[in-house]
Amino acid sequence: MNKRSSEMIGQQIIQSILQGKIEIHESIPSERDLSSIYNVGRPTIREALQRLERDGWIVFHKGMPATVNEYWKQGNLMTIVTILQLQDEIPDEFIVYMLELRVSLTPTYIKDAVKHNRVKLISLFSSLDELKDEPASYALFDYHLQQDMAQLSPNPIYCLILNSFKDVYYRMALQYFDDSSSRSLSKQYYVALLESILIGDIEGTEKITQSMMEDSLNLWEKKMNGGKNNEE
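The structure reproduced in this document is the subject of the present report. All figures in this text were calculated on a predicted structure; none of them were measured in a lab.

## Focus on the overall build of the protein chain
Within the protein chain, the secondary structure is distributed over 11 helices and 2 strands. Helices (α) and strands (β) of the protein chain occur, in sequence order from the N terminus, as α-α-α-β-β-α-α-α-α-α-α-α-α. Seen through its C-alpha atoms, the protein chain measures out along the principal axes to roughly 65 × 40 × 35 Å. Per-residue burial for the protein chain yields a buried fraction of 42% across its 232 residues.

## Re the packing of aromatic side chains
This model, assessed by the stated rule, comprises 12 aromatic pairs. On the basis of an interplanar angle of 50° and a centroid distance of 5.6 Å, the ring pair of Y109 and Y158 is categorised as tilted. With a gap of 49 residues between them, Y109 in helix α6 (residues 92-123) and Y158 in helix α8 (residues 156-164) connect regions that are remote in the sequence. Looking at Y109, the relative accessible area reads 3%, which means it is buried. For Y158, a relative accessible area of 13% gives the class buried. With 5.0 Å between their ring centres and 75° between their planes, Y176 and F177 make a pair best called edge-to-face.

## Some points on the nonpolar core
Of all hydrophobic cores here, the largest spans 66 residues; its most connected members are L49, W57, Y109, L121, F125, M149 and Y190. A per-element tally of this core places α6 first, with 12 residues. In contact with M149, other than residues within four places in its own chain, are Y109, I110, A113, L121, L124 and L193.

## Regarding the packing of helix α7 (residues 135-151) against helix α10 (residues 180-198)
α10 packs onto α7 with a crossing angle of 35° between their chain directions and a minimal axis gap of 11 Å. Considering the relative orientation of α7 and α10, their crossing is left-handed. Between α7 and α10, the contacting residues are P135, Y138, F141, D142, L145 and M149 on the first element and R183, S186, K187, Y190 and L193 on the second.

## Remarks on the environment of S35
You can see S35 is positioned in helix α2 (residues 31-38). With 11 residues separating them along the chain, S35 and I24 place their C-alpha atoms 22 Å apart. The contacts of S35, once residues within four sequence positions are left out, are V40, G41, R42 and I45. There is a polar contact of 2.4 Å between the side chain of S35 and the backbone oxygen of V40.

## Describing the pairing of strand β2 (residues 64-68)
Pairing of strand β1 (residues 58-61) with β2 involves 3 bridges; the strand directions are antiparallel. Bridge assignment links I58 to a residue of β2, and that residue is V68. Counting the residues that bridge the hairpin from β1 to β2 gives 2 residues, and of these G63 lies at a positive phi of roughly 75°.

## Side note on the environment of K132
Residue position: K132 is located in the loop between α6 and α7. It is 44 Å that separates the C-alpha atoms of K132 and Q50, two residues lying 82 residues apart in sequence. Residues contacting K132, with those up to four places away along its chain left out, are S137 and Y138.

Rules of the game
- Residues numbered from 1 in each chain as written.
- Predicted model: local features only at pLDDT ≥ 70, side-chain atom pairs only at ≥ 80, totals over all residues.
- Heavy atoms only, no water.
- Helix = DSSP H or I, 4+ residues; strand = E, 2+ residues; numbered from the N terminus.
- Buried < 20%, exposed > 50% of the residue type's maximum accessible area, 1.4 Å probe, protein only.
- Phe/Tyr/Trp six-rings, centres within 6.5 Å; stacked < 30°, edge-to-face > 60°.
- Core = buried A, V, L, I, M, F, W, Y, C linked by side-chain atoms within 4.5 Å.
- Contact = heavy atoms within 4.5 Å.
- Axes fitted to C-alpha atoms, helices over the stretch in contact; angles between N-to-C directions.
- Left-handed = near helix turned anticlockwise from the far one by under 90°.
- Polar contact = N/O pair within 3.5 Å; in protein donor to acceptor, adjacent residues only side chain to side chain.
- Pairing = 2+ DSSP bridges.

Structure representation (structure tokens):
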């Protein structure tokens, strides 16, 4: 068995929450009842519940059963990561959420990377000419580029955020880069970004990145709307 019993049980409880079988603020079954339901010992159930509490799904009350959190407001990074990991296909709207997050974060850590580690940043583009016009190639290149650029920023929080979404990021990138327009736009961005970094234009690099993140978001929203802009 690849997964621990406690992890599998935790995921099944989360599925019940997401499917509405256990409502927000509703009490979950007791350790004794869960032990009977899943046919495992109570220590295994306790471990599963502790993980659910850690990841923002439930909250314990002294002398009372644990209840389901309002996870969109009381959860944490692991809450959204778990939701997406349990999805067979990433919903379009979640890709919008991630693209919106990139608009806010990416320009800042790239600007920091240019300012503090410009030579190392340039080396990240050494495989740009080998980029194949296919979703998997772009998804892999883009994730590693973003992760490595975040590592070159003196602020470690950016890298920790990207690390949290590693597997999910790649899956979403595959969907995003499945569209040839997205690959074409990104290739233009990589080239323009490298040129700006080569001349040490810190402010220009930030503006190019900001513009690209906004264009990516608009392109995906247009695709969601069947090729129409939101204002149409």
